[in-house]
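Residues per chain are reported as follows:
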Amino acid sequence: MATPAQWVAGARPRTLPAAVVPVAVGTGVAVAEGGAVWWRALLALFVALALQVGVNYANDYSDGVRGTDKDRVGPMRLVGSGAAAPKEVLAAALGCFLAAAIAGLALVVATRAWWLLLVGLLSILAAWFYTGGSRPYGYRAMGEISVFVFFGLVAVAGTTYVQLERLPWLALAAAVPVGLLACALLVVNNLRDIVTDGPSGKRTLAVVLGDGRTRLLYAAALIVPFLIALAVVPDRPFAAIAVLALPLAIAPVQTVRSGATGPALIATLQQTGRLQLAFGALFTLGLAL
């Protein structure tokens, strides 16, 4: 039986910035537009966190039963390590998805935007079929696209919409750097696992692009968000303070560009998460001021 600490590790807390940042930025846009509703923002945060943990458990389950986690490098996996039975991890994933659905339904009722039900359903399906089902799209180089869409565009725009009940252009513009930084987490994770994913049949974008181009993609995903933050300065001048997070991008970009592999990239994943949080906090503040 897995210990509580192992369940926490299986939830992959280092990936949680991907859920927190888009909600914060979307709320920053709502503040800028004069219509922030804090209880709705908190409910949106719960939905995002539940989906993130749910997809992590679902990924653990699906990769574990397929055996693709057997020789992986990085934090432990519940099923792959044998710490928890597959049915237990599956139940945890489904429980998270159910919690996200209930909280999301409350937001749908509050806004009376029933089309959000479809958005929520697509979000849950995307979370499950990332590595679940007979043809998981995460094994076909589509993971980064999904992350950009759901943890960038959908999460930021959705958070803004449930508070304002309209969608300003600023929400879509702000969603792009958030989505890119979320992608960076997945890119460096898949770069770390490239040597085991290929032989196991897991054709991630890193496997398809190859080592060199994946490293270039990672660097771009970290640098372009700062350019976009500067692009919105004419409308929201204080958005420029997001550039203060730029020094945090130096070490991970240097590590990746130097050719680091395997366990050496675990620290880079942590640094990417810190950069994402710092950028998100500063960008949120700059949008709100």
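An unreviewed UniProt entry lists the chain under the name 1,4-dihydroxy-2-naphthoate octaprenyltransferase, with Microtetraspora fusca given as the organism. For the chain, the Function (unreviewed entry) comment in UniProt is given as "Conversion of 1,4-dihydroxy-2-naphthoate (DHNA) to demethylmenaquinone (DMK)." UniProt, in the comment section headed Pathway (unreviewed entry), describes the chain in these words: "Quinol/quinone metabolism; menaquinone biosynthesis; menaquinol from 1,4-dihydroxy-2-naphthoate: step 1/2."

Trainee: Can you explain the packing of helix α5 (residues 86-111) against helix α6 (residues 116-129)? Please cite residues and give values.
Mentor: The contact between α5 and α6 brings their axes to 10 Å, and the two run at 165 degrees. As judged from the angle between their axes, α5 and α6 are roughly antiparallel. Two packed elements cross with a definite hand, and for α5 against α6 that hand is right-handed. Contacts between α5 and α6 involve Leu-90, Phe-97, Ala-101, Leu-105, Val-108 and Thr-111 on the former and, on the latter, Leu-116, Leu-117, Ile-124, Ala-127 and Trp-128. Its residues assigned to classes, the contact of α5 with α6 comprises 10 nonpolar, 1 polar and no charged.

Trainee: I'd like a description of the pattern of salt bridges, backed by residues and values.
Mentor: In total, this model carries 5 salt bridges according to the counting rule given. Ionic pairing is found between Arg-192 and Asp-193, a salt bridge with its closest N-O pair at 3.0 Å. Asp-193 sits in the buried class, given a relative accessible area of 5%.

Trainee: If you had to explain a nonpolar patch on the surface to someone new, which residues and values would you point to?
Mentor: On the surface, a cluster of nonpolar side chains totalling about 440 Å² of accessible area is made up of Leu-118, Leu-121, Leu-122, Leu-125 and Phe-129. Note on placement: Leu-118 falls in helix α6.

Trainee: Got a sec to walk through the packing of helix α2 (residues 17-32) against helix α3 (residues 38-66)? Specific residues and values, please.
Mentor: For the pair α2 and α3, the least separation of the axes is 8 Å and the interaxial angle reads 160 degrees. When the axis of α2 is compared with that of α3, the two are roughly antiparallel. Between α2 and α3 the crossing geometry is right-handed. Contacts from Ala-18, Ala-19, Val-20, Val-23, Thr-27 and Val-31 of α2 reach α3 at Trp-38, Ala-41, Ala-44, Leu-45, Ala-48, Leu-49 and Gln-52.

Conventions and cut-offs
- Residue numbers here run from 1 along each chain, matching the order of that chain's written sequence.
- Confidence filtering applies because this is a predicted model: local features only for residues at pLDDT of at least 70, side-chain atom pairs given and counted only at 80 or more, and all residues used for totals across whole chains, interfaces and linings.
- Here the side-chain values reflect all heavy atoms present in the structure, with hydrogen atoms and water set aside.
- UniProt positions are given in the numbering used here, feature names are shortened, and annotations may be inferred rather than shown by experiment.
- Helix axes are fitted to C-alpha atoms over the stretch in contact, other axes to C-alpha atoms as well, and angles between N-to-C directions run from 0 to 180 degrees.
- A run of H or I in DSSP counts as a helix once it spans at least four residues, and a run of E counts as a strand once it spans at least two, with each numbered from the N terminus.
- Here the angle decides the label: under 35 degrees means roughly parallel, over 145 means roughly antiparallel, 65 to 115 means roughly perpendicular, and every other value means oblique.
- Two helices cross in a left-handed way if the nearer one is turned anticlockwise from the farther one by less than a right angle. They cross in a right-handed way if the turn is clockwise.
- It only takes one pair of heavy atoms within 4.5 Å for two residues to be counted as in contact.
- In this classification, Asp, Glu, Lys and Arg are treated as charged, Ala, Val, Leu, Ile, Met, Phe, Trp, Tyr, Cys and Pro as nonpolar, and every other residue, Gly included, as polar.
- Whenever Lys or Arg places a side-chain nitrogen within 4 Å of a carboxyl oxygen from Asp or Glu, that contact is recorded as a salt bridge.
- With a 1.4 Å probe rolled over the protein chains alone, any residue whose accessible area is under 20% of its type maximum counts as buried; one over 50% counts as exposed, and the rest are partly exposed.
- Patch criteria: residues need more than 30% relative accessible area and no salt bridge. Like-charged residues are merged within 9 Å; nonpolar side chains of Val, Leu, Ile, Met, Phe, Trp and Tyr are merged within 5 Å.
- To measure how exposed things are, a 1.4 Å probe is used in the Shrake-Rupley method; for residues, cover is taken only from the protein chains shown.

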